[in-house]
2 protein chains.
Amino acid sequence: MKNNRLAVSIHILSLAALNPRDQLTSEFIAGSVQTNSVVIRRLTSELKKAGLLTSQPGIPGIKLTRSPSDISLLDIYKAIQGYRESVFSIHQNPNPDCEVGANIQSTLDATFHKVQETIEEELANQTLQNILDHLFE
Amino acid sequence: MKNNRLAVSIHILSLAALNPRDQLTSEFIAGSVQTNSVVIRRLTSELKKAGLLTSQPGIPGIKLTRSPSDISLLDIYKAIQGYRESVFSIHQNPNPDCEVGANIQSTLDATFHKVQETIEEELANQTLQNILDHLFE
DNA sequence: CACCGATGTAACAATTATAGTTACATTTCG
DNA sequence: CGAAATGTAACTATAATTGTTACATCGGTG
């Protein structure tokens, strides 16, 4: 029950797709997500840096930069994932004097990289528009 | 830099595939992973519950219950994942009075479930034997 | 121009999960 | 019996996310 960053980001962008800009204050969004408005502003800040939405100090609200059908879940995922490049991580100091310890990192790196690629392909195939469609079906 | 449970579990089972049982004490394994032996025993306990290996109090070592080519990474993943059913989680209390808030959970549930399925398919396609092959190529 | 309401961020506390550690009951074997 | 190991409980440490408080800044409005 943690790391809702992707879920909340999709929630935010869904609201942005369906409401007029001036209504989309961080307080309004926080009311829908039911969290603190700073949590929302932190995420919108990252989504903005990734070019998915625009906003301005002093002016209420946020606005999508492009059509929901042009925003993939991968775009959103990458916007908020920062440095982390795989959902699975690898222990940092296996023993180099052990045959397994010496080679496990590069092996797992390759293995986990392949898994990560399939995750990202799947996320790339879904758009914010797909989410919106599902919301009202 | 956290949650190395899958990586360490694969490390443990790789050692188990390559060494005689009586050498595979939790201390020996901990020396290869470079961690505390209790960390190893905690994981082997879960791998044992999942039927991937055997062990006995008083008798040193662990032993695989079947061939490395018969152990998929999905088997390992499920052995240690416990309750968690998706790599992505969903916020728990969206506002039901909001159209988006009311439907976002079931929508994301379906979406994330699909992603999870692709992850598990990918993990199912890789075996411990594949890891061993890569370790020595 | 001063105020109000909003964004953007910094700083810190709270929560949660994993990793690491200490301790110890229990078991097997010499 | 005594040594060595497994299995587990209990606790601390670390790390990431979430929640909160505070505040600088901007822009529209009276």
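Residues numbered from 1 in each chain as written. Chains lettered and ligands numbered in written order. Predicted model: local features only at pLDDT ≥ 70, side-chain atom pairs only at ≥ 80, totals over all residues. Heavy atoms only, no water.

Identification of chain A as BadM/Rrf2 family transcriptional regulator from Scopulibacillus darangshiensis is taken from an unreviewed UniProt entry.

**Q** Honestly, the packing of helix H6 (residues 128–135) of chain A against helix H5 (residues 99–124) of chain B in this entry has me stumped. Any pointers?
**A** Working note: a packed helix pair is described by the angle between its axes plus the distance between those axes. Running from N to C, H6 of chain A and H5 of chain B point in directions that differ by 120°, and their axes come no closer than 9 Å. When the interaxial angle is binned, H6 of chain A and H5 of chain B end up oblique. Pair H6 of chain A / H5 of chain B crosses with right-handed handedness. Residues Ile131, His134 and Leu135 of chain A of H6 of chain A pack against Val100, Asn103, Ile104, Ser106, Thr107, Leu108, Ala110 and Thr111 of chain B of H5 of chain B. Within the contact of H6 of chain A with H5 of chain B, the residues separate by chemical class into six nonpolar, five polar and no charged. (Axes fitted to C-alpha atoms, helices over the stretch in contact; angles between N-to-C directions. Helix = DSSP H or I, 4+ residues; strand = E, 2+ residues; numbered from the N terminus. Parallel < 35°, antiparallel > 145°, perpendicular 65-115°, else oblique. Left-handed = near helix turned anticlockwise from the far one by under 90°. Contact = heavy atoms within 4.5 Å. Nonpolar A, V, L, I, M, F, W, Y, C, P; charged D, E, K, R; others polar.)

**Q** Help me understand the interface of chain A and chain B, please; the structure alone is not making it clear to me.
**A** When the parts of a complex come together, some accessible area is lost, and that lost area is often taken as the interface size. Facing the 51 residues of chain A at the interface are 52 residues of chain B. In this assembly, chain A packs against chain B so that about 4300 Å² is buried in total across both faces, 68% of it on carbon and sulfur atoms. Looking at the side of chain A facing chain B, the largest losses of area belong to His91, Val100 and Leu135 of chain A, adding up to 13% of the total buried there. Put simply, chain A and chain B have zero salt bridges between them. Remark: the boundary between chain A and chain B carries 18 residue pairs in polar contact (both at pLDDT 80 or more). Of all the secondary-structure elements, those providing two or more residues to the side of chain A that touches chain B are helix H1 (5–18), helix H2 (26–33), helix H4 (73–81), helix H5 (99–124) and H6 of chain A. Of the residues forming the side of chain A that touches chain B, the biggest block, 17 residues, is contributed by H5 of chain A. Looking at the side of chain A that touches chain B residue by residue, the class counts come to 27 nonpolar, 20 polar and four charged. (Buried area = accessible area lost by both parts, 1.4 Å probe. Salt bridge = Lys/Arg side-chain N within 4 Å of Asp/Glu carboxyl O. Polar contact = N/O pair within 3.5 Å; in protein donor to acceptor, adjacent residues only side chain to side chain.)

**Q** What is the right way to read the protein's contact with DNA strand D from this model?
**A** Around DNA strand D, the structure places 31 residues, and the nearest of them are Asn4 and Thr35 of chain A together with Ser26, Lys48 and Ser55 of chain B. Between DNA strand D and Arg41 of chain B, the relevant distance is 2.8 Å, taken from a base nitrogen to a side-chain nitrogen or oxygen of the residue. Here a phosphate oxygen of DNA strand D and a side-chain polar atom of Ser45 of chain B are 3.1 Å apart. Looking at the surface near DNA strand D, the elements that each hand over two or more residues are helix H3 (37–49) of chain A together with helix H3 (37–49), strand E1 (53–56) and strand E2 (59–64) of chain B. Partitioned by chemical class, the residues of the surface near DNA strand D number 10 nonpolar, 12 polar and nine charged. (Near = heavy atom within 4 Å.)

**Q** What am I meant to see in the packing of H1 of chain A against H6 of chain A here?
**A** Residues and elements named next belong to chain A. Put simply, H1 and H6 touch, their axes get as near as 10 Å, and they point 80° apart. Our classification of the angle between H1 and H6 gives roughly perpendicular. Residues Ile10, Leu13, Ser14, Ala17 and Leu18 of H1 form the contact with H6, whose own contacting residues are Leu128, Ile131, Leu132 and Leu135.

**Q** What should I look at first to understand the relation of the copies chain A and chain B in this one?
**A** The two chain copies are connected by a rotation around an axis plus a translation along it. Expressed as a screw operation, the relation of chain A to chain B combines 0.0 Å of axial shift with a rotation of 180°, fitting to an RMSD of 0.0 Å. Here the symmetry operator amounts to a two-fold rotation axis. Most of the interface of chain A is mirrored in chain B: 100% of its interface residues are interface residues there too. (Least-squares fit on C-alpha atoms with pLDDT ≥ 70 in both.)

**Q** Honestly, the protein's contact with DNA strand C in this entry has me stumped. Any pointers?
**A** What surrounds DNA strand C is a group of 31 residues, the closest being Lys48 and Ser55 of chain A together with Asn4, Thr35 and Arg42 of chain B. Counting only atoms of DNA strand C within 4 Å of the protein, the fraction found in sugar and phosphate groups is 63%. Lys2 of chain A places a side-chain nitrogen or oxygen 3.1 Å from a base oxygen of DNA strand C. Between a phosphate oxygen of DNA strand C and a side-chain N or O atom of Asn36 of chain B, the distance comes to 3.5 Å. Contributions of two or more residues to the surface near DNA strand C are made by H3, strand E1 (53–56) and strand E2 (59–64) of chain A together with H3 of chain B.

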